[in-house]
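Listed below are the residues making up each chain.
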Amino acid sequence: MTNQIQENTFAAACFEINTIEDLEIALKEPVDILDMRNWGLSESELRDQIKLALSALKALRKKVLIKKLLYPPSTSFRLENNRSK
């Protein structure tokens, strides 16, 4: 979980079980009344929670992509093993 999302919140649930695309779609559609009731949130609070989760997921994806660019998997080990066969 990220530092900006509190545990046991709607944002945390969104972060844990949805993709970026899911959350972007959710922001374009009418809010889910059942989610509002179950989480005790107003429409604007629910949307804010979705935006928070979306922002955190995008930041995580960016962090992962940067890490992959900076530290690509090593290919030398695989090449040496293939030569010995």
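Relevant structure appears above.
Residues numbered from 1 in each chain as written. Predicted model: local features only at pLDDT ≥ 70, side-chain atom pairs only at ≥ 80, totals over all residues. Heavy atoms only, no water.

(A) Structural context of the pattern of salt bridges. Evaluated as defined, the whole model comprises 2 salt bridges. Between Lys58 and Glu24 there is a salt bridge, with its nearest N and O atoms 3.4 Å apart. With Lys58 in helix H4 (residues 43-70) and Glu24 in helix H2 (residues 20-28), this pair connects stretches of sequence that are 34 residues apart. Of the charged contacts in the structure, one is a salt bridge between Arg47 and Glu43, with a shortest N-O distance of 3.7 Å. You can see Arg47 and its partner Glu43 sitting in helix H4, 4 residues apart, about one turn around the helix. (Salt bridge = Lys/Arg side-chain N within 4 Å of Asp/Glu carboxyl O. Helix = DSSP H or I, 4+ residues; strand = E, 2+ residues; numbered from the N terminus.)

None of the figures reported here should be taken as evidence of function without further support.
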